[in-house]
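Here is what each chain is made of, one letter per residue.
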Amino acid sequence: MVGALALPMYIYIVYAFSYSPSNYKSLVIFQHVYTVVDVFTGLASVFTLASIALERLYGVLYPIRYRWKDKRVYFIAIIAVWAISATASIAYILSTRGLLRLLPEATFTYYLTVISVLSVLVICAAYVVVALRIHFWNKTKMEMAVSKQEKRLATALFIVTVVFVLTWSPFHIMNILVNFTKSFLNNIPVDLVFFGKLLHYSNSLANPAIYSLKIPEFRLAIRSMLCKNWVRETRV
């Protein structure tokens, strides 16, 4: 979602403010919409990764219960992630614009950052436990195959998490410094801000590449989908 929604909006804002700033009012409104989308997609990404990590942890620790788990749990988790992210993003933009007096902007940003950091810590802790559980698993022949699949998936998701931290940290660190040290905004180069934001968005390009390299099933699914679309277009 970050790459599909927030990134194009960000590119448009940078271009519009740089080359066509005459329509300033509409650009400001569009920027408010972009802020909501950016916060929403960012939080949704973090919470989704945390949910996946906890789901993997549950599957490894309790494999029998996991197999009989109701599929509705996934839908509830998805709805919860989207609802929490949407509520936080709307509350953030309303608070920063003075329309809803909940918390000061700096404090609100601080809480959102703390939530994101805690989510990343949960992800890392979950994958450490998963790795230890798989490593020390007393396996039967059937469990060995399952263990290999779990290990491959856990490795891919761990790499995704590491890349996520590396690409998202610079911009969020700058964001914290700007909110708590106002003079920092005047001293930081604009190019550095752009670089941090683009690095932040580059995570959306890295994830599909990692999944394709580390998970054969994902690679086959993408190939099958592309081939079907190509065949359909050639027939038309």
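Residue positions are given per chain, counted from 1 along the sequence in the order it is written. Local features in a predicted model are, by the rule used here, given only for residues with pLDDT of at least 70; side-chain atom pairs are given and counted only at 80 or more, and totals for whole chains, interfaces and linings are based on all residues. The side-chain numbers reported here are obtained from all heavy atoms of the structure, hydrogens and water having been left aside.

Colleague: Can you tell me about the UniProt feature "transmembrane region" (unreviewed entry) in the protein chain, naming the residues and giving the values?
Modeller: UniProt positions are given in the numbering used here, feature names are shortened, and annotations may be inferred rather than shown by experiment. UniProt records the feature "transmembrane region" (unreviewed entry) for residues 32-54, 74-96, 108-132 and 153-171 in the present numbering. Helix and strand definitions follow DSSP, with helices as H or I runs of at least four residues and strands as E runs of at least two, each counted in order from the N terminus. For residues 153-171, the helix share is 100%, the strand share is 0%, and the end-to-end C-alpha distance is 28 Å.

Colleague: Any chance you could break down the packing of aromatic side chains for me, citing the residues and the numbers?
Modeller: Pairing of aromatic side chains requires ring centres within 6.5 Å, counting the rings of Phe and Tyr and the six-membered ring of Trp. Pairs whose planes differ by under 30 degrees are stacked, by over 60 edge-to-face, and all others tilted. Following the criterion strictly, the structure yields six aromatic pairs and no others. Aromatic pair tyrosine 12 and phenylalanine 30: ring centres 5.0 Å apart, planes at 75 degrees, arrangement edge-to-face. Of the two residues, tyrosine 12 sits in helix H1 (residues 2-19) while phenylalanine 30 sits in helix H2 (residues 24-61), which places them 18 residues apart along the sequence. Ring geometry for phenylalanine 40 and tryptophan 82: centres 5.8 Å apart, planes at 80 degrees, overall edge-to-face. Of this pair, phenylalanine 40 sits in helix H2 while tryptophan 82 sits in helix H4 (residues 72-96); the two residues are 42 residues apart in sequence, bridging distant segments of the chain. Note on classification: 1.4 Å probe, protein chains only; a residue is buried when its accessible area is under 20% of the maximum for its type, exposed when over 50%, partly exposed between these limits. On the accessibility criterion, phenylalanine 40 (15% relative accessible area) is buried. A relative accessible area of 44% means that tryptophan 82 is categorised as partly exposed. Counting every residue linked through ring pairs, the aromatic cluster contains Tyr10, Tyr34, Phe194 and Tyr201.

Colleague: Outline the environment of tyrosine 10, supporting the account with residue identities and numerical values.
Modeller: Within the element layout of this structure, tyrosine 10 appears in helix H1. By definition, residues are in contact when any of their heavy atoms lie within 4.5 Å. Contacts of tyrosine 10, omitting those with residues within four sequence positions, involve Tyr34, Phe194, Lys197, Leu198 and Tyr201.

Colleague: Just give me the short version of the environment of alanine 131, but keep the residues and values in it.
Modeller: Examined against the element boundaries, alanine 131 turns out to sit in helix H5 (residues 105-135). Look at alanine 131 and you get partly exposed, because its relative accessible area is 45%. Taking C-alpha positions, alanine 131 is 9.4 Å from valine 60, a pair spaced 71 residues apart along the chain.

Colleague: Break down a nonpolar patch on the surface for me, citing the residues and quoting the values.
Modeller: Grouping into patches uses exposed residues only, defined as over 30% relative accessible area, and leaves out salt-bridged ones; the cut-off is 9 Å for like charges and 5 Å for nonpolar side chains (Val, Leu, Ile, Met, Phe, Trp, Tyr). All accessible areas in this document rest on Shrake-Rupley with a 1.4 Å probe, and a residue is counted as covered only by the protein chains that are shown. The salt bridge definition used is simple: a Lys or Arg side-chain nitrogen within 4 Å of an Asp or Glu carboxyl oxygen. A surface patch of nonpolar side chains, amounting to about 550 Å² of accessible area, comprises Tyr110, Tyr111, Val114, Val117, Leu118 and Leu121. Position of leucine 118 relative to the elements: it lies in helix H5.

Colleague: Tell me about the side chain of threonine 35, residues and numbers included.
Modeller: Inspection of the secondary structure assignment puts threonine 35 in helix H2. Contacts of threonine 35, omitting those with residues within four sequence positions, involve Tyr92 and Ile93.

Colleague: Which residues make up helix H8 (residues 190-214), and what values go with them?
Modeller: The end-to-end C-alpha distance of H8 is 36 Å, a good match for the 36 Å that 25 residues give at a rise of 1.5 Å each. Consider a residue and the seven residues that end there alongside the seven that start there; fitting an axis to each set, the bend is the angle between those axes. Of all the bends in H8, the greatest reaches close to 30 degrees and is centred on leucine 205; the proline proline 208 follows between one and four positions later. Every buried residue of H8 is accounted for by Gly196, Lys197, His200, Tyr201, Asn203, Asn207, Ile210 and Tyr211. What a helix should span is 1.5 Å times the count of its residues minus one.

Colleague: Lay out the nonpolar core in plain terms, naming residues and giving numbers.
Modeller: Of all hydrophobic cores here, the largest spans 30 residues; its most connected members are Leu43, Leu112, Ile123 and Phe164. Sorting the residues of this core by element identifies H2, H4, H5, helix H6 (141-180) and H8 as the ones contributing at least two each. By residue number, the principal contributor to this core is H2, which donates ten residues. Not counting the four nearest positions on each side in its chain, leucine 43 is found in contact with Ser85, Ala88, Leu112 and Ser116. The nonpolar core is taken to be a set of buried Ala, Val, Leu, Ile, Met, Phe, Trp, Tyr and Cys residues, with the residues joined through side-chain atoms within 4.5 Å. One finds Ile13, Tyr34, Val37 and Tyr201 within the second-largest nonpolar core, a separate group that totals seven residues.

Colleague: Got a sec to walk through the pattern of salt bridges? Specific residues and values, please.
Modeller: For the coordinates displayed, the defined rule picks out one salt bridge. A salt bridge links lysine 197 to aspartate 38, with the shortest nitrogen-to-oxygen separation between them at 2.8 Å. Of this pair, lysine 197 sits in helix H8 while aspartate 38 sits in helix H2, and the two are 159 residues apart along the sequence. Comparing lysine 197 with aspartate 38, the two get one shared label, buried.

Colleague: Could you give an account of the confidence of the model for the protein chain, naming the residues involved and the relevant values?
Modeller: In this model, the protein chain carries an average pLDDT of 76, and 78% of its residues clear a pLDDT of 70 or more. Summary of the metric used: pLDDT quantifies the predictor's per-residue confidence within the range 0 to 100. Across the protein chain, element-level confidence peaks in H4 with a mean pLDDT of 84 and bottoms out in helix H9 (residues 216-235) with 64.

Colleague: I'd like a description of the environment of leucine 198, backed by residues and values.
Modeller: As for its placement among the helices and strands, leucine 198 is situated in helix H8. On the basis of relative accessible area, leucine 198 is assigned to the partly exposed category, the value being 43%. Remark: the alpha-carbon pair of leucine 198 and phenylalanine 171, spanning 27 residues in sequence, is separated by 9.0 Å. Here leucine 198 is in contact with Leu7 and Tyr10, once residues within four sequence places are set aside.

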